[in-house]
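# Residue-level structure breakdown
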Amino acid sequence: MESSRRHFLTIAGLAALGLGAKPVLNALASGSAGEFTGGVDAFKLKPNDKALKAKQWAMVIDTRKIKQASDLEPMIAACNKIHNIPTFEDKRHEIKWIWEDEYHNVFPTAENKFLNDRVEHIPFLVLCNHCENPPCVRACPTKATFKREVDGIVMMDFHRCIGCRFCMAACPYGSRSFNFTDPRPFIKEVNKEFPTRMKGVVEKCDFCAERIDVGQLPACVEASNGILTFGDLYDPKSNVRELLKSNFTIRRKQSLGTEPCVYYIV
Amino acid sequence: MNDRKYIIAGLVIFIAIFTFPFWYNLGKASPGPDIKLTEKAKAAKQCVMPTEYMRAEHMHLLDIWRHAVVRNSDRTFVNASGKEFTMSLSNTCLDCHSNKAEFCDKCHDYASVRPYCFDCHIDNPKEKK
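Note that the structure is predicted; figures quoted are calculated from it, not measured. (Residues numbered from 1 in each chain as written. Chains lettered and ligands numbered in written order. Predicted model: local features only at pLDDT ≥ 70, side-chain atom pairs only at ≥ 80, totals over all residues.)

## Section: the overall build of chain A
Across its full length, chain A holds nine helices and 11 strands. Here the C-alpha radius of gyration of chain A, 27 Å, is well above what a compact globule of 266 residues would show, namely 18 Å. Over its C-alpha atoms, taken along the principal directions, chain A stretches across nearly 110 × 45 × 40 Å. Expressed as a percentage of the 266 residues in chain A, the buried residues total 33%. Within chain A, residue pairs in contact and separated by at least 24 positions form 68% of the contacts whose partners lie at least 6 positions apart. (Helix = DSSP H or I, 4+ residues; strand = E, 2+ residues; numbered from the N terminus. Rg over C-alpha atoms; globule rule 2.2 N^0.38 Å. Buried ≥ 20, exposed ≤ 12 C-beta atoms within 10 Å, placed from the backbone. Contact = placed C-beta atoms within 7 Å.)

Listed below in structure tokens is the structure:
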């Protein structure tokens, strides 16, 4: 009798457990099936009708039109303003999307012992080169930075960035900055249409993807007074290609094979 | 067997204390959050999707929007009735729902969730500072 009683209790216990688990299973099943598929809840996603299109966006900077730093200021200011870029007193915290530098820092591999006077003294505008073969994209472990398939812009998905800074080490142009502190208190004038960033995220120039997608040229190009030209590198009739055809241009650290898409007429 | 009365008394006291929060709150269920819509949201009648969907799944929709905008450069959302919207948390959602404190926060506080969307996305585009 002893063993059959034990047997009965085991079966009863298992049955009670099974009955208890059923509502839980039901709840799980209905949860994962999802109640909002198809019917009135169907939707479609598409690009904005006005979006500018290109195979690979590129920029030509005509440095012959640059005389002094004040020529570059409006472009840098326009970018800083629309992208909510903070201003830090401390240089180590600096966030840079577009900035100016001297020839020997911009083109360290193309520096002659005795330089042309003009080139030696004018400021050069530098920004992310939106490389065709971007090393930062290869370094990113989360695919937070990626090359947009539609137009070749090297984009940042700030949501996904974990702040490992591999991309900063990989970028040979120093185009990436890291937010060491919450940038919000350091933004002079907030543009409410563009998000700010948070502490622990890397950021850089995105060729104004948010403007291109609604049919506008990048903010710096608009403010450049003809110094910057923006267009499709693979459209032989584009304004960029016309300039490249008729002028001698150089690119930054070409020998690294990153295929930068920002060209300088010197 | 002599300790039986102590054990039972102890158990009764333990169960009474343990279940105290349940019977103390019995019959006075905490009321759901009282959400206020802005005039603009009221006038629009329906959000980008039916209200029930938005109530339950807005975070899922926002995730779809984020992926579409950032990674696929799709910026326009077309709902079942063919109406088009620009996919943007700051510029579309919060344009209508410009009362974050009385709309978003009410429910988020009630459900005790702390979304960090607003660490970056500016919570009230129309607010004058």
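Next, the rest of the story.
## Remarks on the overall build of chain B
Counting its secondary structure elements, chain B contains six helices and two strands. Going from N to C terminus, chain B has its helices and strands arranged as α-α-α-α-β-β-α-α. Reported as C-alpha extents along the three principal axes, the dimensions of chain B are approximately 80 × 35 × 35 Å. Here chain B holds 129 residues, and the buried ones make up 15% of them. Partitioning the intrachain contacts of chain B with sequence separation of at least 6 by distance along the chain shows that 62% fall at a separation of at least 24.

## Observations concerning the interface of chain B and chain A
Of the residues lining the interface, 23 residues belong to chain B; the matching set on chain A comes to 26 residues. Taken together, the residues that form the side of chain B that touches chain A break down as 11 nonpolar, six polar and six charged. Here three bridges tie strand β1 (residues 44-46) of chain A to strand β1 (residues 76-78) of chain B, and the two strands are oriented antiparallel to one another. The partner of A:Lys46 across the bridge, within β1(B), is B:Thr76. (Nonpolar A, V, L, I, M, F, W, Y, C, P; charged D, E, K, R; others polar. Pairing = 2+ DSSP bridges.)

## Things to note about the confidence of the model for chain B
Any region with low pLDDT has predicted coordinates that should not be read closely. Across chain B, the average pLDDT comes to 88, with 95% of residues at or above 70. With a pTM of 0.80, the predicted complex shows an ipTM of 0.79. (pLDDT = per-residue confidence, 0-100.)

## Examining the pairing of strand β4 (residues 124-127) of chain A
All names here are of chain A. Alternating residues of β4 divide into Phe 124 and Val 126 and Leu 125 and Leu 127, and every residue in both groups is buried. Examined bridge by bridge, strand β3 (residues 98-101) and β4 share four bridges and lie antiparallel to one another. Residue pairing for β4: Ile 98 is matched across the bridge by Leu 127.

## Concerning the sheet that holds β1(A)
Think of a sheet as strands paired side by side through backbone hydrogen bonds, with each pair either parallel or antiparallel. Spatially, three strands are ordered β1(A)-β1(B)-β2(B) in an open sheet, and the strand pairing comes out antiparallel. Unpaired on one side and paired on the other, β1 of chain A together with β2 (84-86) of chain B mark the two borders of the sheet. When strand polarity is set aside, the average angle formed by the axes of neighbouring strands in this sheet is 25°. In the sheet, β1(B) pairs with β2(B) via three bridges, with the strands oriented antiparallel. (Axes fitted to C-alpha atoms, helices over the stretch in contact; angles between N-to-C directions.)

## What about the nonpolar core?
Of all hydrophobic cores here, the largest spans 62 residues; its most connected members are A:Met59, A:Ile61, A:Met75, A:Ile98, A:Leu125, A:Leu127 and A:Leu228. Setting aside residues no more than four positions away along its own chain, A:Ile98 makes contact with A:Met75, A:Ile76, A:Cys79, A:Leu125, A:Leu127, A:Cys205 and A:Cys220. (Core = buried A, V, L, I, M, F, W, Y, C linked by C-beta atoms within 7 Å.)

## Brief notes about the pairing of strand β9 (residues 228-232) of chain A
It is a general feature of regular strands that their side chains alternate between the two faces of the sheet. Residues and elements named next belong to chain A. Burial analysis of β9 places five of its five residues in the buried class, the great majority of the element. When strand β2 (residues 57-62) meets β9, the two strands line up antiparallel, connected through five bridges. Its bridge partner being in β9, Trp 57 is matched across the sheet by Asp 232.

## Quick look at helix α2 (residues 73-82) of chain A
Residues and elements named next belong to chain A. Among the residues of α2, those classed as buried are Met 75, Ile 76, Cys 79 and Asn 80. Burial along α2 is one-sided: seen end-on, the buried residues are contained in an arc of 125°. For α2, the secondary structure elements touched by its buried residues are β3, β4, α8 (219-222) and β9. Positive phi appears at Asn 84, one or two residues downstream of α2, with a value of about 55°. (Arc of directions from axis to C-beta.)

## Overview of the sheet that holds β2(A)
Residue and element names in this part refer to chain A. Across the sheet, four strands lie side by side as β9-β2-β11-β10; this open sheet has mixed pairing. Looking along the sheet, the strands with just one partner apiece sit at the ends: β9 and β10 (249-250). With two bridges connecting them, β10 and strand β11 (residues 262-265) associate as antiparallel partners. Each bridged residue has a counterpart across the sheet, and for Thr 249 the counterpart in β11 is Ile 265. The sheet contacts of helix α9 (residues 239-246) involve β2, β9, β10 and β11, and relative to β9 the element is tilted by about 115°.

## Concerning the confidence of the model for chain A
For chain A, per-residue confidence averages 91 on the pLDDT scale, and 92% of positions sit at 70 or higher. Confidence drops under a pLDDT of 50 for residues 31-36 of chain A, and excluding neighbours within four residues, the segment shows three contacts in the predicted structure.

## Structural notes on unusual backbone geometry
Residue A:Asn225 is not a glycine yet carries a positive backbone phi of 60°. Position of A:Asn225 among the secondary structure elements: in the loop between α8 and β9. A:Asn225 sits in the exposed class, given 10 other C-beta atoms within 10 Å. A positive phi angle, near 50°, is found at B:Ser73, a position not held by glycine.

## Brief notes about the environment of A:Asp235
Residue and element names in this part refer to chain A. When you line up the elements, Asp 235 lands in the loop between β9 and α9. Residue Asp 235 is classed as partly exposed on the basis of its C-beta count, with 14 C-beta atoms lying within 10 Å. Sequence separation between Asp 235 and Lys 55 is 180 residues, and the spatial gap between their C-alpha atoms is 7.8 Å. Not counting residues within four places of it along the chain, the set of residues in contact with Asp 235 comprises Ala 54 and Arg 241.

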